[in-house]
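Residue-level structure breakdown
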Amino acid sequence: MTIALITGGSRGLGRNMAHHLAAKGVDIIFTYHSNREQAESLVAELSQMNRKAVALQLDTGKVSTFAAFAEQVRTALKATWNSERFDFLINNAGTGLYAPFMETTEAQLDDMVNIHFKGVFFLTQTLLPMMNDGGAILNLSSGLARFSYPGSSAYGSMKGAVDVLTRYLALELGPRRIRVNSVAPGAVETDFGGGRVRDNADLNAMLASRTPLGRVGLPDDIGGIVSVLLSDEAGWLNGQRIEVAGGIHV
Ligand SMILES: NC(=O)c1ccc[n+]([C@@H]2O[C@H](COP(=O)([O-])OP(=O)(O)OC[C@H]3O[C@@H](n4cnc5c(N)ncnc54)[C@H](OP(=O)(O)O)[C@@H]3O)[C@@H](O)[C@H]2O)c1
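Structural notes, computed from the coordinates. (Residues numbered from 1 in each chain as written. Predicted model: local features only at pLDDT ≥ 70, side-chain atom pairs only at ≥ 80, totals over all residues. Heavy atoms only, no water.)

Thoughts on the site of the ligand
Ser10, Arg11, Ser34, Tyr155 and Thr190 are the nearest of the 31 residues found near the ligand. At 2.6 Å, a backbone N or O of serine 34 approaches an oxygen atom of the ligand. Between the ligand and valine 188 there is a distance of 2.8 Å, counted from an oxygen atom to a backbone nitrogen or oxygen. Here the ligand has 910 Å² of accessible area as a free molecule, and 96% of this is covered by the chains. Of all the secondary-structure elements, those providing two or more residues to the shell around the ligand are helix 1 (12-23), helix 4 (106-127) and helix 5 (153-173). Taken together, the residues of the shell around the ligand sort by class into eleven nonpolar, 16 polar and four charged. (Near = heavy atom within 4 Å. Polar contact = N/O pair within 3.5 Å; in protein donor to acceptor, adjacent residues only side chain to side chain. Areas by Shrake-Rupley, 256 points an atom, 1.4 Å probe, with all protein chains shown as cover. Helix = DSSP H or I, 4+ residues; strand = E, 2+ residues; numbered from the N terminus. Nonpolar A, V, L, I, M, F, W, Y, C, P; charged D, E, K, R; others polar.)

Section: the side chain of aspartate 27
Assignment of secondary structure puts aspartate 27 in strand 2 (residues 27-32). At 2.7 Å, the side chain of aspartate 27 forms a polar contact with the side chain of arginine 51. When near neighbours in sequence (up to four residues on either side) are disregarded, aspartate 27 contacts Thr2, Ile3, Ala4, Arg51, Lys52 and Trp81. (Contact = heavy atoms within 4.5 Å.)

A short note on the side chain of serine 141
Summarising the element assignment, serine 141 is placed in the loop between strand 5 (131-140) and helix 5. Judged by its relative accessible area of 3%, serine 141 falls in the buried class. Of the polar contacts made by the side chain of serine 141, one reaches the side chain of aspartate 163; its length is 3.0 Å. Ignoring sequence-local partners within four residues, the contact set of serine 141 consists of Lys159, Asp163, Ser182, Val183, Ala184, Pro185 and Arg241. (Buried < 20%, exposed > 50% of the residue type's maximum accessible area, 1.4 Å probe, protein only.)

Quick word on the packing of aromatic side chains
Summed over all chains, the structure comprises four aromatic pairs. Measuring from ring centre to ring centre gives 6.0 Å for phenylalanine 147 and tyrosine 149, while their planes differ by 75°; the resulting arrangement is edge-to-face. For the pair phenylalanine 147 and tyrosine 149, a shared accessibility class is recorded, and that class is buried. Grouped by ring-pair contacts, the aromatic residues Phe117, Phe121 and Phe122 constitute a single cluster. The ring of tyrosine 98 has arginine 196 sitting right over it, with the charged end atom 3.6 Å from the ring centre. (Phe/Tyr/Trp six-rings, centres within 6.5 Å; stacked < 30°, edge-to-face > 60°. Lys NZ or Arg CZ within 6 Å of the ring centre and 35° of its normal.)

Overview of the sheet that holds strand 7 (residues 241-244)
Spatial strand order, 3-2-1-4-5-6-7: seven strands in an open sheet with parallel pairing. Every interior strand has two partners, whereas the edge strands, strand 3 (53-57) and strand 7, have only one. When strand polarity is set aside, the average angle formed by the axes of neighbouring strands in this sheet is 20°. The pairing of strand 5 with strand 6 (residues 179-185) spans five bridges and is classified as parallel. Paired with alanine 136 across the strands is arginine 179, a residue of strand 6. Each of strand 1 (3-6), strand 2, strand 4 (86-91), strand 5 and strand 6 is contacted by helix 1, which is oriented at about 175° to strand 1, the strand it contacts most. On top of the sheet, helix 2 (residues 36-48) reaches strand 2 and strand 3; it is set at about 175° to strand 2, its chief contact. (Pairing = 2+ DSSP bridges. Axes fitted to C-alpha atoms, helices over the stretch in contact; angles between N-to-C directions.)

What follows is the structure, given as structure tokens:
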């Protein structure tokens, strides 16, 4: 029995990761923020694949709620799996911000810090006692932490912080044999940022033209590699940032 906990599993990349992991026999706990219907439909889809799945509500920007969330995870593990622990944590939940540096407000930066960095830091800290030794953590970074586009100074900086945190976690969790890596997608067609990569044809074509493989990413491009990175075959990969972006700006 292997159990993964995915934040932001109701839509986009997290939902796709849940499907890829379920296809490999992994059971899923995932969180949603506001889309309860989408969350319930994913539970139904995973059940049809004969996998157990539990959906829990969480705002990853609200650290004060994490202790209560951990209790919900504990209850779900006991009730659904008769277990006290899970194996994989995927810190995936997040929202976009496109604002020029000179116009970015303190409230916008605080949002980015809370959701993309502080939330990842303290949710991981809160859930680690419930993780099995020998498990793995994946943090979602972004291509925007390596290359730069106007309007992503706050968002890209937080993803850069996640890459650094990843290395520190890999170091400190080594004694528990927990591997920690970050996955950095390029632009992917999801609802992210109002669905701009998927729905804005000019932006989509511009990004595709800068990508050696000639297109933007699709959710399967990310869900597939996530299931590989969490498999035993990737057992010696640790403390790394893996960019999964078709080679954009290589
Ligand atoms: N798509 C891209 O081009 C791209 C590129 C690089 C990196 N990424 C990263 O990949 C991750 C997933 O992005 P995506 O494309 O899948 O986005 P998405 O399609 O917009 O889905 C976002 C997911 O995160 C949840 N979420 C949003 N805000 C939250 C909050 N404050 N607390 C808890 N959950 C929250 C949403 O829940 P609800 O459904 O309930 O709203 C949803 O499940 C993010 O970390 C993003 O930064 C995305």
